[in-house]
Amino acid sequence: MQHDTRDEQHEQQGPHEHREHQGHSSGHSDHSAHAGHTAHAPGEAGWSMAARATLHCLTGCAIGEILGMVIGTALGWGNAETMALAIVLAFTFGYTLTLRSVLKAGVDFRTAFRIALAADTLSIAVMELIDNGVIALWPDAMDAQLGDALFWGALALSLAVAFIVTTPVNKWMIGRGKGHAVVHRYHG
């Protein structure tokens, strides 16, 4: 698994021949013309890496989602309040797992928090949209109680569908050096 970003790969390659590509002429004599230029071609993100990033995100989302649904249902809250709590907790736990791993790499809290936001926001948002959408559209799932098989079945299926839909999103983001590609820079 490749943990280097494209910029780091670019710098590590040392002197190399530049090929002409759209928007640039050939014959660059130094790298100063490339300030802020990240790469010559988009990076390739594998499905395995995207699935691991999605599973990481799903873990935090599932903890928050299940906890929110259980708390709201146990307290007899309405559907809107329960769903809102579940979404807030899903984002909280999702960010917390990433924050924890980045902080372990020795990064200061403020930087680690920004990395977690950048890495997980789109992934968690898509995941929450899909899993809450499945539950909201599933007949009677919103009215199911903790002891009902429908409650747990709908929740499990909604998380599985969210994983399937979110994995290509994470693959796309990682391939562009975004999302969990940023977090991988801090894994030792």
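Residues numbered from 1 in each chain as written. Predicted model: local features only at pLDDT ≥ 70, side-chain atom pairs only at ≥ 80, totals over all residues. Heavy atoms only, no water.

**Some details on the nonpolar core**
Ranked by size, the top nonpolar core spans 24 residues in total, and within it C61, M69, M127 and L155 carry the most contacts. Among the elements of the structure, α2 (47-74), α3 (79-104), α4 (109-137) and α5 (149-175) are those that each provide at least two residues to this core. When residues in this core are grouped by element, the largest group, 6 residues, is from α4. (Core = buried A, V, L, I, M, F, W, Y, C linked by side-chain atoms within 4.5 Å. Buried < 20%, exposed > 50% of the residue type's maximum accessible area, 1.4 Å probe, protein only. Helix = DSSP H or I, 4+ residues; strand = E, 2+ residues; numbered from the N terminus.)

**So, the side chain of T82**
Of note, T82 is situated in helix α3. Of the residues examined, T82 reaches a relative accessible area of 5% and is grouped as buried. When near neighbours in sequence (up to four residues on either side) are disregarded, T82 contacts G68, M69, G72, T73 and W77. (Contact = heavy atoms within 4.5 Å.)

**A closer look at the state of the cysteines**
Here the structure, examined in full by the defined rule, presents 0 disulfides. Free of any disulfide, C57 has its nearest neighbouring cysteine sulfur in C61, separated by 4.3 Å. Accessibility expressed as a relative area gives 1% for C57, which makes it buried. (Disulfide = S-S within 2.5 Å.)

**Things to note about the environment of C61**
One can find C61 in helix α2. Judged by relative accessible area, which is 0%, C61 ranks as buried. Sequence-wise, C61 and A86 are 25 residues apart; in three dimensions their C-alpha atoms are separated by 8.8 Å. Those residues in contact with C61 that lie beyond four places of it in its chain are A90, G94, I124, M127 and E128.

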